[in-house]
Amino acid sequence: MTTMTPDAAGLAALEARLKQDLAWLELPAKSWVPRRVVDGESVVDVVIVGAGMAGLVASAMLRRLGVDNQLVLDRARAGEEGPWVTFARMRTLRSPKELTGPAMGMPALTFRAFYEAQYGRQAWQALHRAPRTMWMDYLIWYRKVLGLPVRNGVSVERIQARSDELFTLEISEGGTSRQILARHVVLATGRDGLGGAYVPSLCDGIDRRFWAHSSAPIDFERLRDRRVAVVGAGASAMDNAAMALEAGAARLDLFIRRADIPRVNKFTGIGSQGVVHGFAGLSDDWKWRFLDHTLKAQTPPPRQSVLRVSAYPQAHFHLASPIDDLVVAGDHLIVTTPKGRYATDFIIFGTGFKVDLALRDELAEFAPHIRFWCDRFPAPDGMDNAELENSPDLGDSFQFLEKEPGACPMLARLHCFNYPATLSHGKLSGDIPAISEGADRLARGIVRRLFVEDREIHFANLKAFATPELAGDEWQDADVTHQPAE
Ligand SMILES: Cc1cc2nc3c(=O)[nH]c(=O)nc-3n(C[C@H](O)[C@H](O)[C@H](O)COP(=O)(O)OP(=O)(O)OC[C@H]3O[C@@H](n4cnc5c(N)ncnc54)[C@H](O)[C@@H]3O)c2cc1C
């Protein structure tokens, strides 16, 4: 599909329609947050860290609600935010093409509208899934047509709390550092936003030339004619295995801990507006039950990704094969599993991401104060689950909560709008399906807080407001014009 020539006029027409739709809806709403200047510096109402899908929708939603003094910062170059054109290695998205994800309920902002405008209805009908790089093109377009205030090449190095209910963000841009003042900070920092890549401790001490995590840049050309191993059975493991095979790997061993590859996509399967809006209303133990069951069932890799691997006779699927030992033997590795020993030249870990605040320098000041589920909720019997225990325990607008009340009140203004929020809010802050609903919940919470905090200014405005709607000539006082009868 991507080889078809896009119709620029079609896209321009869609943009005109979107402009009209926004005008008809009187969007964005008028700006209403009083500007603040502190020590001669203007304060940004909301800084969003990360301009991936979540950061873009959060920004669009805040703007829709009239919060326009905001910034979206991303260390990636423009058009390279998130995984899509960096380490994502699937051909198409896993999600159905029809998902309206970031569109905020606006038909002209959907991926379908973007696609059909350029390639036509017939091509849409023939399309199986959104091609991966086209999804990135869509996010680039989304940001452009909404005029979102994104700044690329800006890394947020440190977030610090001041005593006057503001944050100082230390940012680095083009080799120089400077500071920004902000009232609220939203972490839209992605799947690894509270930690990093998870790699088993087996790799400790093993030279990096022998291994990589699936989220790292990998030169697949270098794997031609080599023996490659991949650990895991998720989507990323399959896609990395496929890339190695397509690059000409001589042999590919896929080591899967389980005795079978997960086949049923549980939580997605029961997806509905009930789950989207109702999950946050569950009691803690019910939230835990739902997600413990989901995580233990695991998410299957997409069928197309598995077929992409199994199409090669060089691919060997090893089930019930956790890696017991990994050692360097001269110029290669020896992998030991309960089923045997395997020589390989390079090993890729498709083992996902972990929460570990020690890996996020920008959060160092807050790390000791952030409350996690394990700090207050004992896992129910038979449901121990490290991933859930290490989930941040969040408030109703994705804000962090304090481990010890009163120890770090600024956490109430630091919002965690990324994947680890799932146990508190459901899947509203990472994947495509309900990202607009998540951003709506986040933005409304920030709006409420900004308004309440500025109540004295708003009340002073109320008292000072004196623009009359009536001129006083619309009626007459009956007692002045008609003398009452004696
Ligand atoms: C390989 C892969 C495939 C996926 N496929 C699908 C799919 O098919 N369907 C689906 O629904 N979901 C999918 N997902 C899940 C999800 O949609 C993506 O992870 C998506 O990118 C989440 O968007 P995000 O904005 O939360 O994070 P990201 O897109 O990762 O964006 C986070 C951004 O934050 C920036 N950042 C982080 N820290 C800082 C900092 N300190 N300073 C400045 N910038 C910073 C990063 O540079 C990055 O651009 C996939 C995920 C992966 C990893």
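Residues numbered from 1 in each chain as written. Predicted model: local features only at pLDDT ≥ 70, side-chain atom pairs only at ≥ 80, totals over all residues. Heavy atoms only, no water.

For the protein, the name recorded in an unreviewed UniProt entry is NAD(P)/FAD-dependent oxidoreductase, with Bradyrhizobium niftali as its organism.

A.B. asks: Describe helix α12 (residues 435–453), naming the residues involved and giving the relevant values.
C.D. replies: Its 19 residues place the ends of α12 27 Å apart at the C-alpha level, agreeing with the 27 Å of an ideal helix rising 1.5 Å per residue. Buried within α12 are the following residues: I435, S436, G438, A439, R441, L442, A443, G445, I446, V447 and L450. (Helix = DSSP H or I, 4+ residues; strand = E, 2+ residues; numbered from the N terminus. Expected span 1.5 Å × (residues − 1). Buried < 20%, exposed > 50% of the residue type's maximum accessible area, 1.4 Å probe, protein only.)

A.B. asks: Which residues make up the site of the ligand, and what values do they have?
C.D. replies: Not every one of the 31 residues close to the ligand is listed here, only the nearest: A54, D74, R94, S95 and I432. S95 has a polar side-chain atom sitting 2.6 Å from a nitrogen atom of the ligand. Within the side chain of E362, an N or O atom sits 3.1 Å from a nitrogen atom of the ligand. Coverage of the ligand by the protein amounts to 90% of the 970 Å² it exposes when considered alone. (Near = heavy atom within 4 Å. Polar contact = N/O pair within 3.5 Å; in protein donor to acceptor, adjacent residues only side chain to side chain. Areas by Shrake-Rupley, 256 points an atom, 1.4 Å probe, with all protein chains shown as cover.)

A.B. asks: If you had to explain the side chain of N240 to someone new, which residues and values would you point to?
C.D. replies: By the element assignment, N240 lies in helix α5 (residues 235–246). Residue class for N240 comes out buried when judged on its relative accessible area of 2%. With residues up to four places along the chain from it excluded, the contact list for N240 reads R89, S214, I218, F220 and I348. (Contact = heavy atoms within 4.5 Å.)

A.B. asks: Give a description of the packing of helix α1 (residues 8–24) against helix α4 (residues 132–145) that names residues and reports values.
C.D. replies: At a minimum axis separation of 12 Å, α1 and α4 run at an interaxial angle of 45 degrees. Taken together, the axes of α1 and α4 are oblique relative to one another. Crossing hand, α1 versus α4: right-handed. Listed contacts from α4 to L11, L14, E15 and L18 of α1 are W141, K144 and V145. Class assignment of the residues belonging to the contact of α1 with α4 gives a composition of five nonpolar, no polar and two charged. (Axes fitted to C-alpha atoms, helices over the stretch in contact; angles between N-to-C directions. Parallel < 35°, antiparallel > 145°, perpendicular 65-115°, else oblique. Left-handed = near helix turned anticlockwise from the far one by under 90°. Nonpolar A, V, L, I, M, F, W, Y, C, P; charged D, E, K, R; others polar.)

A.B. asks: Requested: an account of a nonpolar patch on the surface, with residues and values cited.
C.D. replies: A grouping of I270, W286 and F290 is seen on the molecular surface, where their side chains present a nonpolar patch of about 270 Å² in accessible area. By relative accessible area, which is 40% here, W286 ends up partly exposed. (Patch = residues over 30% accessible without salt bridge, like charges linked within 9 Å, V, L, I, M, F, W, Y side chains within 5 Å. Salt bridge = Lys/Arg side-chain N within 4 Å of Asp/Glu carboxyl O.)

A.B. asks: Which residues make up the environment of R191, and what are the values?
C.D. replies: Take R191: it is sitting in the loop between β7 (176–187) and β8 (195–197). Note: C-alpha distance between R191 and V46 (145 residues apart in sequence) is 21 Å. In contact with R191, not counting residues within four places along its chain, are F353, Y419, P420 and D431. Here D431 takes part through its side chain, which lies 3.3 Å from a polar atom of the side chain of R191.

A.B. asks: Lay out the domain arrangement of the protein in plain terms, naming residues and giving numbers.
C.D. replies: Parsing the protein into structural domains produces domain 1 (8–194 + 355–455) and domain 2 (199–263 + 300–351). When each unit is reduced to the centre of its C-alpha atoms, the spacing between domain 1 and domain 2 is 33 Å. A buried area of about 780 Å², summed over both sides, lies between domain 1 and domain 2, and 47% of it is on carbon and sulfur atoms. Summed over the three residues of domain 1 that lose the most area to domain 2, namely R89, R91 and R94, the buried surface amounts to 74% of that side. For the pair domain 1 and domain 2, the number of links is one salt bridge. The salt bridge involving R91 is made with E246; its shortest N-O contact spans 2.9 Å. In this structure, the connection of domain 1 to domain 2 is made through six residue pairs in polar contact (both at pLDDT 80 or more). For the side of domain 1 that touches domain 2, the residue count by class is two nonpolar, one polar and three charged. (Domains from an automatic or database assignment. Buried area = accessible area lost by both parts, 1.4 Å probe.)

A.B. asks: Tell me what's going on with the packing of aromatic side chains, and back it up with residues and numbers.
C.D. replies: Overall, the coordinates contain 24 aromatic pairs when judged by the stated rule. Aromatic side chains F111 and F114 sit 6.3 Å apart centroid to centroid with 40 degrees between the ring planes, which places their arrangement in the tilted category. Note that F111 and F114 are positioned in helix α3 (residues 111–126) at a spacing of three residues, about one turn of the helix. For F111, a relative accessible area of 1% gives the class buried. We classify F114 as buried; its relative accessible area is 4%. Centroid distance F114 to W141: 5.2 Å. Interplanar angle 45 degrees. Geometry classified as tilted. Linking F114 in helix α3 with W141 in helix α4, this pair joins segments that are 27 residues apart in sequence. In terms of burial, F114 and W141 fall into one category: buried. (Phe/Tyr/Trp six-rings, centres within 6.5 Å; stacked < 30°, edge-to-face > 60°.)

A.B. asks: Kindly report on the pattern of salt bridges, identifying the contributing residues and their values.
C.D. replies: Scanning the model with the defined rule gives 36 salt bridges in all. A salt bridge links R263 to D260, with the nearest nitrogen and oxygen atoms 3.0 Å apart. Given the relative accessible area of 66%, R263 is considered exposed. You can call D260 partly exposed: its relative accessible area is 37%. Three or more residues joined by partner-sharing salt bridges are found here, namely R36, D45, E165, R183, R413, R449, E453 and D454.

A.B. asks: Quick one: what's the story with the nonpolar core, residue by residue and with numbers?
C.D. replies: Formed by 91 residues in total, the largest nonpolar core has its most connected members in F111, Y142 and L169. Once residues within four sequence positions are removed from consideration, Y142 is found in contact with L56, V57, A60, P102, M104, L109 and L148. In this structure, A212, A233, A241 and A244 belong to the second largest nonpolar core, which totals 24 residues. (Core = buried A, V, L, I, M, F, W, Y, C linked by side-chain atoms within 4.5 Å.)

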